Each structure stands twice: as structure tokens, then as C-alpha cells.
Amino acid sequence: MTATLLTRQDRDGIAVVTLDNPPVNALGRALRRQLGEVIAEVGRDPAIRAAILTGAGRLFVGGADITEFDRPPEAPHLPDVIAAIEAAAKPWIAAVNGPALGGGAELALGCHYRIAASGARFGLPETALGIIPGAGGTQRLPRLIGVAAAVEMITTNRQMDAAEALAAGLADRLAGADLIADALAFAQEVSGKARHPGARQKDLADPGEAFWSAAGARIAKAARGNPAPAAALAVLRHGISAGFEAGMRLERETFLKLRNSDEAAALRYLFFAERAAARPAALRGIAPRPLGRVGVVGGGTMGAGIAAALANAGLRVVLSETGEAPLARAMDRLDGILATQVKRGLHDEAAARARREAVTGITDPAGLAGCDLVIEAVFEDLTLKREVFARLAEVCGRETILATNTSYLDPEEIVRGLPGQERFIALHFFSPAQVMKLLEIVPLTATGPEVVATGFDLARRLGKVAVRAGNCEGFIGNRILLRYRAGAEAMLRDGISPAGIDAAMRGFGFAMGPFEMQDMAGLDVAFRARETARALGRDVPETAGDILVRAGRLGQKTGGGWYDYAPGSREPLPSQQVAALLAPYRKGAREMPAADIAAALVGVMADEGRKILAEGIAATPEDIDLVEVHGYGFPRPKGGPMFCSARGTVRPER
Ligand code: 3H9
């Protein structure tokens, strides 16, 4: 028997229909069927003059049920259910109690009126899932709020709160503290009217060619391999030139086509992977420790970024440096980060001040005593890190979690022999830490489970995607990066040019190719790591990168690395000097199709990923893909190397 997913309560001739399908009131098939039935019943019931549609719980409706998208669509279809509401003789009022997203927003748009609670939010995030709104959103939204605002909402996932929705014409009213009471009064008011507005009837003027081409260019620039935003624009435009019905037909056709695309499958996969990663099965039932005050040791780029991320999440921060001058520089870095965030509109001046005040600078690590967690972010040097941890273990009680942010060193070596082994963990942030979403959480042999759970809780509070990684050189991400770079260098030795390889990876969807990326980050970091390994007697063969570093080419910061750069420019230019330096090392120039280059290098990543899985360094292929997407710029619409490789979509279209 199917559960009842909505309730109807009649009050003074008004039917109050409450969608109740936890966790997000998604519009799955059973709910669509029950909603269709209630629409018909309300229409037939002579005692009813109007209907209110609302959601139980925190949300109005989180959208269509995404879990159905791997199967063929099943009737009743959402556009038909919404059309039945719009065609009803009696008015339907959406009482939007919380987020109305995707199909949820479309449902509200199909109602004749919308009243919004203060916590209401409207959004059409479908393009983030590689699809377009498929239940009238591309046609009704522009008719209610205008073409420019609708294009922005649909193609960029910009959401509107209640006040914005009222100002834009998306909501008719704002409710006070009692949404349903206000909706009932509104329903009584409009129920006597002979006719009720339907978004489809509104006229819409074509904004003209210049508007469409500017919007198209903006969308193309941001798309990075996701076909949905451009498709949504085309459908929206068609509805304006050919009319509502024609627009609805093209919307449905495009929605169904994209629903089956590799990109949509990849984006859905990541949607569910991100949610699963936040709650690893191994930590079920284990409570994290409370986090109020967090220490950061070292105020370089990484330390200042971590401090900013912590302060932005409402935590109190103690930033420790070795003396007054480095502390002043660290605080300047922090100020710079907060000022940039104000410029970008992430918070205002007052919030930036409050965050700055939440950070206390110290030069004596004794001031870290009493912190719930201390994150070490000093230079990547084993002796230095061991000193820092020895001091931390001295000044902090056993209740303080002590985390290293090392990228390549063995965290076990850093803390070896220190008392209280259960409180040590590695938390690998990515630079810039206030921006990058990924946090690798690396428990050591003796790390306590509640310490690991606290790492995951920290990630949640920072808005980061946490992935548990086993302890090995480079953990998950840098280990794959090493193989990826080695794969690119092997191609280079085979005669393919750096520019050819970079262009192929950009074509695949990366913002930058492997050589451009190294030029930006600096070739010296990996060079030093290789030299350290060589000094320890390990067999690390000479690489092309070593040749360049020895010739003083460290990347953009020295005016040249794999490419030349004109002073003040970041545009990579092919380099005669590099060609000459590498000539003895290469087999002679040859070309390779871009699709083959990308397929080979993504294949290298997936091969390493399989080894990482076999060794238990990552728990699932999803975790590896999340690391690649959130830490290394792997194009989201491709899902990640493991997804591509399993689905056979490594090779981009030719
Ligand atoms: C669409 O609407 C297409 C239409 O245009 C056309 C149709 C014809 N379906 O995120 P949370 C699950 S496309 C199924 O942790 P929060 C989620 O997996 C859709 N399941 O909670 C998780 O499950 P579990 C357009 C869904 O409070 C649980 O709910 N809509 C859906 O942090 C809790 O999720 C979107 O793109 C769904 N639609 O955030 C919105 N949504 O507990 C997508 C969530 O087993 N959703 N689940 O891990 C969101 O953005 C957030 O989930 C939301 C709640 C803001 C709603």
C-alpha cells in the first residue's frame, strides 16, 4: 500500500493541502498521483472555493525526486499536474513555507497566487544537475519576473529569498508569523473573483538580439562542459518567440534529452556522493567533540586561509606565529582575505570586522592551551613539524585535538613518541583554504573515533566536503596528482607539446592543463619533495620538471616555467628555451588527438584510483571522485575519473 504523502484539511470553504513527503517533500510519482487526485477532488467539491498548497516541515518542496531520474519517466508527469492546477476554476494559493526548489518552485509558479513566509526561498537549480527546469519553469518564470531576472535564476542557480521574490513579482504577498492564517485570509479575499491570474497568460517582450548574445556568451564562459545552462537559454528564448505552448513543448523535449545525458548522470552521482561523504558509515553513532576555540600554528598563505575559514564559520581562532613581525604579516594576510571577501559580496564590512575580532594573534604557543583543536600549518619540513608538535603536546591538555595540515609528509612520523596518540589526526586543507571545498581527513593508527568525527563536524561547519583518506604518500589527491603529472610528462617525452596537452585537458573541462597549473603553483614545491626523497636514498628518476627548475624556471613567479610569460602577464607563451632544454629528453615532436590525450590522462588517474581503493586508502570510488572534483578542478559534469572510467565516458566526443 502506498503511504499517504499529503493531507487535506478544509477550513471555511478553503482546502489546505499539505505535502508531507520527508525529507524534502520531493515530487515523486506517488505524491504526483495523490496531488493530481486532490486537485480533481477540490475542483468537484461544491463546498470548496479555493485551495492552499503548502509543505510540511522546513521545506515547501525540494524538487522532483532525483532518484527517479535513472528510470524512464512515469505518469502522472509533473507538467501535467501543474497544468491542472493552472487550469482550475478555483484559485490555488501556494503558501511557501521554506525553500521551493526546482519542481517545487515550478509548482508554486503554476498556482494562481503565492504568499511567502519569511523563510521562503525560490530557486531553479536544475542546471546544476545537468538538466533544465522541466515543469514550466523556463516559461512561467520569465512571464512573472521578466526575462533578464529569469535567465539569471535559471542559468546561474541564483535563488531569491521572500523579500526579493515579493519585489520581483514572484510572490504576491509576504506572510507574518502565521503563514497558514495569512494564506487563509488571502484565499478568502481572492476566492470571490471571477478570474485568476495564470503565469502563462502574461505578455512577454523579446529583449532583443544583443541581450541573447550577451547572455549566451556569459553562459558559454561559465559552462565548463555542462550543456544545461545554454539549453535552458535556448528554450526560454523559444517560448518568447514562438509562444508559451511551443516553449513548453521544447522544454519537455530538452528536459527528457538532458535527463538521459552523461553529464546529468555525473552531476546526480556527485549530488548523492556529497551527501553520503558527510556521514561515513564508520562514524555512525559517534558524537563529535564540541568546537568553540580553534588554534592555528603558522600564518602563511595556508594558515591565514584556515584562520579565515574558521572565523567565517563563527569559531574563535587563536593564530600563533614565531614573533611579532611574522604575526603582523599573518594578520595582514587575514585582513587581505576578509577584504577580498567583502569585495566579492560574501559578507559586509561589519561581518568582516567581527570575524577579524574573533581571531587573536599570539607569539607564545602557551596561549593555545585550552583550544578544542589546534591545526598546524607551518612549512612542509619534518624536523620543524616535529618540533611544533612536541611543543603542542606540552602546552595543550589531552582534550585538545592536534591536527597537522601536511600534504606529503607522513603524519605518523610527525607525532611519533608523543603522549596522547589518540588526539592526533591529519586535516589536509587545500589552498586557498578559505575558498577550496575539499578537506581530506586522515586518521592515524591510534586516532580516537570521536576525533575523526570532530574532523567531519569541522568540515560541515566550514561548508567543506570531507573525505576520509588513509595514510600514504600524498593521501588520495596528491597521490593521483603525482601520477597525472607523471603521465603528462611521459607524453611530453613522447613528443607531445605542453601546449597540446594543456589544451586537451582544458577541452575536457579542466580550467587549466597540468603544465599551466604547475607554472601557476610553482615547480619548486614538487622539486623539493623529489630532492628530499633522493637525499633519503630513494630512487626518484630525473624529470623534465627537474631540468626546468635547475635552469631557474620555477613558473610564473620567475617569469617562466613550462611556458614564458611577458612581465605582468599570466598568458602562457610557448618557450624556445624550454624546447632547447628538453630537446635531449624528448623523442621529437608529434601530435596526438586531444580526445586521446584526455582519455589517456584520465585513465592514468583512474588506474591510480583503483590502486588506492585496493589498498583501502579510499573507502569508495565516490570519495576519490569528490577529491578530484573539489580539490583538483576535475570537471564536475564528468563526475570524476572513477565515474568516467566505470561509465566508459573517459573519451570526450570527437
Ligand atoms: C527538478 O526538480 C526537475 C524539475 O524541474 C522537472 C521535473 C519534471 N530528490 O541535502 P540534504 C535527499 S530536479 C530526492 O542533506 P538539506 C538527499 O539525498 C531537482 N532526494 O538536506 C538526502 O538524502 P539522505 C531540483 C533528495 O536540508 C536528504 O534528501 N532540486 C532531493 O541540507 C536530505 O538532503 C534540487 O536540485 C531530491 N530533489 O538540504 C534541490 N533533495 O538523507 C536538491 C534532497 O538519504 N536538494 N534529497 O542522504 C537540495 O538542494 C537540498 O537537498 C535541500 C535540502 C536544499 C532541498
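Values in this document were obtained by computation on a predicted structure and should not be read as measured data.

A. Layout of the nonpolar core. Among the nonpolar cores identified, the biggest contains 67 residues, and Leu53, Trp92, Phe122 and Leu170 are the most heavily contacted of them. In terms of residues, this core owes the most to one element, helix α9 (residues 228-242), which gives seven residues. The contacts of Trp92, once residues within four sequence positions are left out, are Val17, Val38, Ile39, Val42, Ala51, Leu53, Ile85, Cys111, His112 and Tyr113. Of all hydrophobic cores here, the second largest spans 59 residues; its members include Phe515, Val549, Ile597 and Leu601.

B. Region of interest: the sheet that holds strand β3 (residues 50-55). One open sheet holds the six strands; their spatial order is β1-β2-β3-β4-β6-β9, and the pairing between them is mixed. Where the open sheet ends on each side, the last strands, each with one partner, are β1 (6-11) and β9 (173-174). Where strand β6 (residues 113-116) and β9 come together, two bridges link them in parallel fashion. Looking across to β9, one finds that Ile115 is bridged to Arg173. Packed on one face of the sheet, helix α7 (residues 179-191) meets β1, β2 (14-19), β3, β4 (92-96), β6 and β9 and runs near 155° to β6.

C. Here's a closer look at the site of the ligand. Within the structure, the ligand sits among 25 residues, and Arg58, Glu106, Glu126, Arg275 and Arg279 are positioned closest to it. Here a nitrogen atom of the ligand sits 2.9 Å away from a polar atom, N or O, in the main chain of Ile66. At a separation of 3.1 Å, an oxygen atom of the ligand approaches a polar backbone atom of Gly134. Here the ligand loses 74% of its free accessible area of 1,000 Å² to cover by the protein chains. When residues of the shell around the ligand are traced back to their parent elements, those giving at least two are α3 (103-110) and α11 (262-277). The biggest single contributor to the shell around the ligand is α11, with three residues. Taken together, the residues of the shell around the ligand sort by class into 14 nonpolar, five polar and six charged.

D. Region of the structure containing the packing of helix α5 (residues 147-156) against helix α8 (residues 209-223). With their axes 12 Å apart at the nearest point, α5 and α8 run at an angle of 15° to one another. Judged on the interaxial angle alone, α8 and α5 are roughly parallel. α5 and α8 meet at a crossing whose hand is right-handed. Across the interface between the two elements, Val147, Ala148, Val151 and Thr155 of α5 pack against Phe211, Trp212, Ala215 and Ile219 of α8. Residue composition of the contact of α5 with α8, grouped by class: seven nonpolar, one polar and no charged.

E. Region of interest: the domain arrangement of the chain. Annotation of the chain at the domain level lists domain 1 (6-260), domain 2 (291-468) and domain 3 (477-647). Each of domain 2 and domain 3 was reduced to a C-alpha centroid, and the two centroids are 29 Å apart. Taken together, the contact pairs twelve residues of domain 2 with eleven residues of domain 3. At the surface where domain 2 touches domain 3, the tally comes to one residue pair in polar contact (both at pLDDT 80 or more).

F. Expanded view of α11. In this model, α11 (16 residues) spans 22 Å end to end at C-alpha, consistent with the 22 Å of a helix rising 1.5 Å per residue. Among the residues of α11, Glu263, Ala264, Ala265, Ala266, Leu267, Arg268, Tyr269, Leu270, Ala273, Glu274 and Ala277 are the ones counted as buried. In the core, the buried residues of α11 are packed alongside α10 (244-259), α17 (449-462), β17 (465-468), α25 (621-631) and α26 (641-647).

Conventions we followed
- Residues numbered from 1 in each chain as written.
- Predicted model: local features only at pLDDT ≥ 70, side-chain atom pairs only at ≥ 80, totals over all residues.
- Heavy atoms only, no water.
- Core = buried A, V, L, I, M, F, W, Y, C linked by side-chain atoms within 4.5 Å.
- Buried < 20%, exposed > 50% of the residue type's maximum accessible area, 1.4 Å probe, protein only.
- Helix = DSSP H or I, 4+ residues; strand = E, 2+ residues; numbered from the N terminus.
- Contact = heavy atoms within 4.5 Å.
- Pairing = 2+ DSSP bridges.
- Axes fitted to C-alpha atoms, helices over the stretch in contact; angles between N-to-C directions.
- Near = heavy atom within 4 Å.
- Polar contact = N/O pair within 3.5 Å; in protein donor to acceptor, adjacent residues only side chain to side chain.
- Areas by Shrake-Rupley, 256 points an atom, 1.4 Å probe, with all protein chains shown as cover.
- Nonpolar A, V, L, I, M, F, W, Y, C, P; charged D, E, K, R; others polar.
- Parallel < 35°, antiparallel > 145°, perpendicular 65-115°, else oblique.
- Left-handed = near helix turned anticlockwise from the far one by under 90°.
- Domains from an automatic or database assignment.
- Expected span 1.5 Å × (residues − 1).

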